[in-house]
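Listed below, chain by chain, are the residues.
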Amino acid sequence: MTDYQRPPGREDFEVAFICALEREYDAVCLILDYSWDEQGDSYGRVSGDFNQYTTGRIGEYNVVVLLAPTGQVSLASATTSLRISFPGVKMALVVGVCHAVPRVDNVDVRFGDVVISKTVFQHDFGRQYPDRFERKDTTEDELGPAAKDIRGLLKIFGTDDGLERLKSRTAVSLEQLQVKARSKNQGERWQVPHMEEFGQSNAANASAPAIFLGPIASGSSVIKSQAHRDKLAKYDGAVAFEMAGPRVWPELPCLVVKGVCDYGGVQKNTRWQGFAAATAAATAKAILQQYAQNDKPASAAVPGPTTATQEGSTYTGLVQGKRIYHGNDIEVASTQPLRNYLQKGSQFGSNVESDEDVRQGNKMIFSQ
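Rules and cut-offs
Residues numbered from 1 in each chain as written. Predicted model: local features only at pLDDT ≥ 70, side-chain atom pairs only at ≥ 80, totals over all residues. Heavy atoms only, no water. Salt bridge = Lys/Arg side-chain N within 4 Å of Asp/Glu carboxyl O. Buried < 20%, exposed > 50% of the residue type's maximum accessible area, 1.4 Å probe, protein only. Helix = DSSP H or I, 4+ residues; strand = E, 2+ residues; numbered from the N terminus. Axes fitted to C-alpha atoms, helices over the stretch in contact; angles between N-to-C directions. Parallel < 35°, antiparallel > 145°, perpendicular 65-115°, else oblique. Left-handed = near helix turned anticlockwise from the far one by under 90°. Contact = heavy atoms within 4.5 Å. Nonpolar A, V, L, I, M, F, W, Y, C, P; charged D, E, K, R; others polar. Expected span 1.5 Å × (residues − 1).

A. Molecular detail of the pattern of salt bridges. By the definition in use, this model includes nine salt bridges. As a salt-bridge pair, Asp108 and Arg103 come within 2.4 Å of each other at their nearest N and O atoms. Under the relative-accessibility criterion, Asp108 is labelled partly exposed at 32%. Note that Glu164 is salt-bridged to Lys167, the shortest N-O span being 3.9 Å. Taken as a pair, Glu164 and Lys167 lie in helix α5 (residues 160-183) at a separation of three residues, close to a single helical turn. What makes Glu164 partly exposed here is its relative accessible area of 46%.

Structural data, given as structure tokens:
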């Protein structure tokens, strides 16, 4: 059981998690405080949306998780469908694994450390010539700046205090994820791989990975050479490389949160993907814990389960009329789940004589 109130409908979900790989999706599902899908998907989707969603709760937020289809065009289409099916989503977190540069501001970047996007740009967006590739300008020209409230969040993370709080909360979330995974006999998938295989120098702190903020380069293919990686780092300030950000950025205010699993073109090994996905998911949860929730209007839907009571009528004397309506029929124009409807009877304290219709019990009262 949970003390959380089940959201009445899809419009009550405020944050989306978007993953491109199954392992990334599995890690995000492990950070959910509660799943609304224990009894199956009860929220559905709009007609024409072919996505499959997982819904749940993290702290103060109802969240929806999307495992996006493969392919850049498909990812863009899937994000558009998510936005339509869940119109209340105000922020998306693109969570998963990435390649990274070995050092940022003279600080070593370890496998399992996490990079958060200050901005995203397409490194393969431009024109290919026989002797060179001319890419368009940086992300402010291609994709636009991050949304205003996300820029405020990034500014906090840029302070010593804000970053330390984020790291501390990430460490707690990572431990919770790993404990939950062990309870499902999945513990090894989300741990640091055996050190003798990879070398101690590449490993992030297993309990408190470092977090870096900076530009993330995104493209339709992975970075395959160290030279290409270093060029993007030198001229564009890229600290990490991935493939999903530009497909989500135009559709929803978003942050890209990625765990480092290799250095882009060198030292690749899929064994690091599990731990990197876990640290990214834990950081995304920590970000959400610091994301300020907006006040909701007073007219917002009442959280379920809700009881609708129809007050009726009781007859204790003679009733004469053409037709007597006792309020025995209830029609509810609602698609919201988990609502209980109670209808009370009708009561008249004296005789009712009328040549007109007698109608009672027409008032509907909604209460929790």
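B. Structural view of the environment of Ala68. Within the secondary structure layout, Ala68 lies in the loop between β4 (61-67) and α2 (72-85). Looking at Ala68, the relative accessible area reads 8%, which means it is buried.

C. Looking closely at the packing of helix α1 (residues 22-30) against helix α9 (residues 273-290). Across the interface, α1 lies against α9 with an axial gap of 9 Å and an inter-helix angle of 45°. Overall, the two elements α1 and α9 adopt an arrangement that is oblique. The way α1 lies across α9 gives a crossing that is right-handed. Residue-level inspection shows Arg23, Glu24, Ala27 and Val28 of α1 in contact with α9, the latter providing Gln273, Gly274, Ala277, Ala278 and Ala281. Among the residues making up the contact of α1 with α9, the classes are represented as five nonpolar, two polar and two charged.

D. Region of interest: α5. In this model α5 runs 35 Å from its N-terminal to its C-terminal C-alpha over 24 residues, within 8% of the 34 Å that 1.5 Å per residue would give. Looking at α5, one finds that the buried residues are Gly162, Leu166, Thr170, Ala171, Ser173, Leu174, Leu177, Gln178 and Ala181. The elements touched by buried residues of α5 are α1, β8 (114-122), α4 (148-157), β11 (211-218) and α9. Of the residues trailing α5, Asn185 is marked for its positive phi of about 60°.

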